[in-house]
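Structural features, examined
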Amino acid sequence: KEYSKFILALKEISLSKYSLSEYELNMIMKNIKNYLNNYLVRYKKLEGYKIIYDYLKEEYTKVLSEFKHSFKETIKQILSIIEAIIKTKENSKAKTQLYLVKLLSDIKNIQYEVFNEEKYLNQARKYYLQAKSIIDENKFNVDDYIILSFYLNFSVFLYKKERK
C-alpha cells in the first residue's frame, strides 16, 4: 500500500550523500524482498488459476502479460535505485556493498522464478559470486546476520537452480 512512498524515500537516499547504517540496510533489504515476494506469491496464484482460465486462454494470457509487465517495471525502478545507492562513495564500505549486492542477487533470483529466462539466472549467479568475493576479501564475523543470510540464500540457489 505504501510502495510509492517507499520508492520515493529510496530515491531520496540514492540522491543524497548519506551513509546507510546496517539497520537501515537491513530494513531496505527486508522491505524490498517482502514486496517482491508478495509479487511472487501473486504470480504463483495466477499460475494456479491457469486451470480455471483454460477455457478463457486469451483472458489468462492478458492477465499474465499485464502482471509480468507491472512486475518488470517495478523491478526496473528498484534496480536503478539500488545501483545508484551502490555508486555513492558514502556507501562504499564492504558490508554496505555486501547488503546491496546480496539484494541484487536475490532480486535476480526472483526475476528468474517469474520469467524463467536464463539471463536472470546468470545475473543472479554473477551477483551471488560478487557478494561471495566481498565476503572472502573482508573479515566479517561468521555469525553476522548478513553473512548467514547470504550463505543460506546462496546455498538454496545452488541447490535449486544449479543442482550443486
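Note: the structure precedes this text.
As a starting point, this report considers the structure included with it. (Residues numbered from 1 in each chain as written. Predicted model: local features only at pLDDT ≥ 70, side-chain atom pairs only at ≥ 80, totals over all residues. Heavy atoms only, no water.)

1. Focus: the overall build of the chain
The helix and strand tally for the chain stands at seven helices and zero strands. In sequence order, the chain lays out its α and β elements as α-α-α-α-α-α-α. Expressed along its principal axes, the backbone C-alpha trace of the chain runs to roughly 55 × 40 × 25 Å. Per-residue burial over the chain gives 43% buried out of 164 residues. Long-range pairs, those at least 24 residues apart, make up 69% of the contacts in the chain with a sequence separation of at least 6. Carbon and sulfur atoms make up 55% of the accessible area of the chain, which totals about 9900 Å². (Helix = DSSP H or I, 4+ residues; strand = E, 2+ residues; numbered from the N terminus. Buried < 20%, exposed > 50% of the residue type's maximum accessible area, 1.4 Å probe, protein only. Contact = heavy atoms within 4.5 Å. Areas by Shrake-Rupley, 256 points an atom, 1.4 Å probe, with all protein chains shown as cover.)

2. With respect to unusual backbone geometry
For residues other than glycine, phi is negative in most cases, and the peptide bonds are mostly trans. Its identity is not glycine, yet asparagine 116 carries a phi of approximately 50°, on the positive side. Structurally, the position occupied by asparagine 116 is in the loop between helix 5 (94-115) and helix 6 (118-137).

3. Re the environment of isoleucine 110
Among the structural elements, isoleucine 110 can be located in helix 5. The exposure class assigned to isoleucine 110 is buried, which follows from its relative accessible area of 5%. Separated by 25 residues in the primary sequence, isoleucine 110 and isoleucine 85 have C-alpha atoms spaced 21 Å apart. Those residues in contact with isoleucine 110, other than ones at most four positions away along the chain, are Leu36, Asn37, Leu40 and Phe71.

4. Let's talk about the layout of surface pockets
If you roll a probe as big as a water molecule over the atoms, it shows you where there is empty space left. Roughly 210 Å³ of internal volume is contained in the largest pocket. If you go around the largest pocket, you meet 13 residues; those closest to its centre are Asn37, Asn109, Ile110, Glu113 and Asn153. At the level of elements, helix 2 (22-48), helix 5 and helix 7 (145-162) are the ones that each hand at least two residues to the lining of the largest pocket. When residues in the lining of the largest pocket are grouped by element, the largest group, five residues, is from helix 7. Broken down by class, the residue content of the lining of the largest pocket amounts to five nonpolar, three polar and five charged. (1 Å grid on protein atoms, 1.4 Å probe; cavity = no way out; pocket = protein on both sides within 12 Å on 5 of 7 lines; lining within 4 Å. Points joined across faces, edges and corners; volume = space filled by probe spheres on them. Nonpolar A, V, L, I, M, F, W, Y, C, P; charged D, E, K, R; others polar.)

5. Side note on the packing of aromatic side chains
Counted according to the given criterion, the structure contains twelve aromatic pairs. Taking the centre distance of 5.4 Å and the plane angle of 55° together, the rings of tyrosine 39 and phenylalanine 67 count as tilted. Remark: phenylalanine 67 occurs in helix 4 (residues 57-87) and tyrosine 39 occurs in helix 2; sequence separation between them is 28 residues. Residue tyrosine 39 shares its accessibility class with phenylalanine 67, and that shared class is buried. Between tyrosine 128 and phenylalanine 150 the ring centres are 6.2 Å apart and the planes differ by 50°, which places this aromatic pair in the tilted class. (Phe/Tyr/Trp six-rings, centres within 6.5 Å; stacked < 30°, edge-to-face > 60°.)

6. A closer look at the environment of phenylalanine 71
By the element assignment, phenylalanine 71 lies in helix 4. In sequence terms phenylalanine 71 and glutamine 111 are 40 residues apart; their C-alpha atoms lie 8.8 Å from each other. The residues touching phenylalanine 71, leaving out its near neighbours within four places in the chain, are Leu36, Tyr39, Ile110, Gln111, Val114 and Phe115.

7. Brief notes about the pattern of salt bridges
With the rule as written, the count across this model stands at seven salt bridges. Note that aspartate 106 and lysine 33 form a salt bridge whose closest N and O atoms lie 3.1 Å from each other. One end of the pair, aspartate 106, is in helix 5; the other, lysine 33, is in helix 2, and 73 residues separate them in sequence. Per residue, the accessibility class of aspartate 106 equals that of lysine 33, and both read buried. When the shortest N-O distance is used, the salt bridge between lysine 119 and glutamate 117 registers 3.7 Å. The partly exposed category is assigned to glutamate 117, whose relative accessible area is 29%. Salt bridges linked by common partners bring Glu22, Lys95 and Asp144 together as one network. (Salt bridge = Lys/Arg side-chain N within 4 Å of Asp/Glu carboxyl O.)

8. Remarks on the nonpolar core
Ranked by size, the top nonpolar core spans 49 residues in total, and within it Ile32, Leu36, Phe71, Ile78, Ile82, Leu98 and Ile107 carry the most contacts. When residues of this core are traced back to their parent elements, those giving at least two are helix 1 (3-15), helix 2, helix 4, helix 5, helix 6 and helix 7. (Core = buried A, V, L, I, M, F, W, Y, C linked by side-chain atoms within 4.5 Å.)

Shape descriptors only; they carry no functional weight alone.
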